[in-house]
Amino acid sequence: MATRRPFFAGNWKMFKTGGQAAEFVRDFAPLVKNSDHCDIVLAPPFTALEAVRTAMEGTNIELAAQNVHWEKEGAETGEVSGSMLVAAGCRYVIIGHSERRHHFGESDEAVHKKVKASLEEGLLPIVCVGETLSERESDETQKILERQFNGGLAGLTPSEFSRIIIAYEPVWAIGTGKTATPETAEEAHALLRGLTRKAQGEPMAERLRILYGGSVKPDSVSGLMAQVDIDGALVGGASLKPDSFAAIVNHR
Ligand code: PGA
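On a predicted model such as this, the values are computed, not experimentally measured, just so you know.

Asker: Looking at this structure, I do not really get the overall build of the chain. What am I missing?
Answerer: If you tally the helices and strands in the chain, you get twelve helices and eight strands. In terms of C-alpha radius of gyration, the chain reaches 17 Å, essentially the compact-globule figure of 18 Å for 252 residues. Principal-axis analysis of the C-alpha atoms places the extent of the chain at approximately 45 × 45 × 35 Å. Per-residue burial over the chain gives 53% buried out of 252 residues. Counting contacts in the chain only where the partners sit at least 6 residues apart, residues at least 24 apart contribute 72% of the total. Surface accessibility of the chain: about 11200 Å² in total, with carbon and sulfur atoms responsible for 52%. With 27 positive and 34 negative side-chain charges, the chain shows a separation of 2 Å between the mean positions of the two kinds.

Next up, the structure:
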């Protein structure tokens, strides 16, 4: 079986100014400087990208944005393009987070356009999928994950697909303190790996990294990471403090 390098990303959402972000990196970087078993990524708000980029120089931390527009430039007030993110030092971009889908009406079609445009610019997309509580309770989890997977990732070439990461984030677990049990999360991850197998073949399914997101905390990460199809975590609340995010990264 392929060994997939663990991946931990902190999604800061709409938290931290540039100054607060730089202070975080100063405190956090020493706590993970020997954590070479995994990739470590921070996704600050756009206004703090530059501060994090400067503060993380010479560290093993990499930079992600939380959103991107699919056009290179244009009359799109309030939006930021992939080439701008690359110029700002980003290697990764989070796409289709449930808060974007549910608070800002982002569709699978928009996710698809953002994934394609990001790949064209050389960014590595972290594509989020996940069902709501009512979808889970009405037994629609599989249908929703299939729709989001097929809609967002349709028609990617093998070379494009090899550069994406998927994050399974059940909406009912995000910011609620209700982490999915490792077994529930594993079931969804296995389903997503199965969809990848069907669309892109076995080697791609084996190499794809699938992160879990939704109330991951230092005390829940080990159980999740013990599952065969869980390759890392996309962490919101617990990534805002250097010691708790470092405890997640260094969980073993
Ligand atoms: P949470 O957020 O860890 O605060 O639940 C996760 C996410 O939304 O990426």
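Asker: Sorry, what's going on with the site of the ligand here?
Answerer: Close to the ligand lie 13 residues; Lys13, His97, Glu169, Gly175 and Ser215 are nearest. Backbone polar atom of glycine 236 to an oxygen atom of the ligand: 2.9 Å apart, as the coordinates give it. Protein burial of the ligand: of its 280 Å² of free accessible surface, 96% is covered by the chains. For the shell around the ligand, the residue count by class is four nonpolar, seven polar and two charged.

Asker: How should the pattern of salt bridges be read in this particular structure?
Answerer: Two side chains with opposite charge may pair up if their charged atoms get near one another. Per the counting criterion, the structure on display carries 20 salt bridges. Linking glutamate 99 and lysine 13 is a salt bridge whose minimum nitrogen-to-oxygen distance equals 2.8 Å. Residue glutamate 99 is located in helix 4 (residues 98–103), and its partner lysine 13 is located in the loop between strand 1 (7–11) and helix 1 (18–32); the two are separated by 86 residues in the primary sequence. For glutamate 99, a relative accessible area of 23% corresponds to the partly exposed category. By relative accessible area, which is 19% here, lysine 13 ends up buried. Among the ionic pairs, arginine 136 bridges to glutamate 131, the shortest N-O distance being 2.7 Å. For arginine 136, a relative accessible area of 27% corresponds to the partly exposed category. The network of salt bridges with shared partners includes Arg4, Arg193, Glu206, Asp229 and Asp231.

Asker: I tried to follow the packing of aromatic side chains on my own but got confused; where do I start?
Answerer: All told, the structure shown has six aromatic pairs when counted by the stated rule. Here the aromatic rings of tyrosine 168 and tyrosine 212 are separated by 6.3 Å at their centres, their planes lie at 55°, and the arrangement is tilted. Separated by 44 residues along the polypeptide, tyrosine 168 in strand 6 (residues 165–168) and tyrosine 212 in strand 7 (residues 209–213) bring together distant segments of the chain. For tyrosine 212, a relative accessible area of 0% puts it in the buried group. Put simply, the rings of Trp12, Phe24, Phe28 and Phe245 pair up and form one aromatic cluster.

About the cut-offs
- Residues numbered from 1 in each chain as written.
- Predicted model: local features only at pLDDT ≥ 70, side-chain atom pairs only at ≥ 80, totals over all residues.
- Heavy atoms only, no water.
- Helix = DSSP H or I, 4+ residues; strand = E, 2+ residues; numbered from the N terminus.
- Rg over C-alpha atoms; globule rule 2.2 N^0.38 Å.
- Buried < 20%, exposed > 50% of the residue type's maximum accessible area, 1.4 Å probe, protein only.
- Contact = heavy atoms within 4.5 Å.
- Areas by Shrake-Rupley, 256 points an atom, 1.4 Å probe, with all protein chains shown as cover.
- Lys, Arg positive; Asp, Glu negative; His and termini not counted.
- Charge placed at Lys NZ, Arg CZ, Asp CG, Glu CD.
- Near = heavy atom within 4 Å.
- Polar contact = N/O pair within 3.5 Å; in protein donor to acceptor, adjacent residues only side chain to side chain.
- Nonpolar A, V, L, I, M, F, W, Y, C, P; charged D, E, K, R; others polar.
- Salt bridge = Lys/Arg side-chain N within 4 Å of Asp/Glu carboxyl O.
- Phe/Tyr/Trp six-rings, centres within 6.5 Å; stacked < 30°, edge-to-face > 60°.

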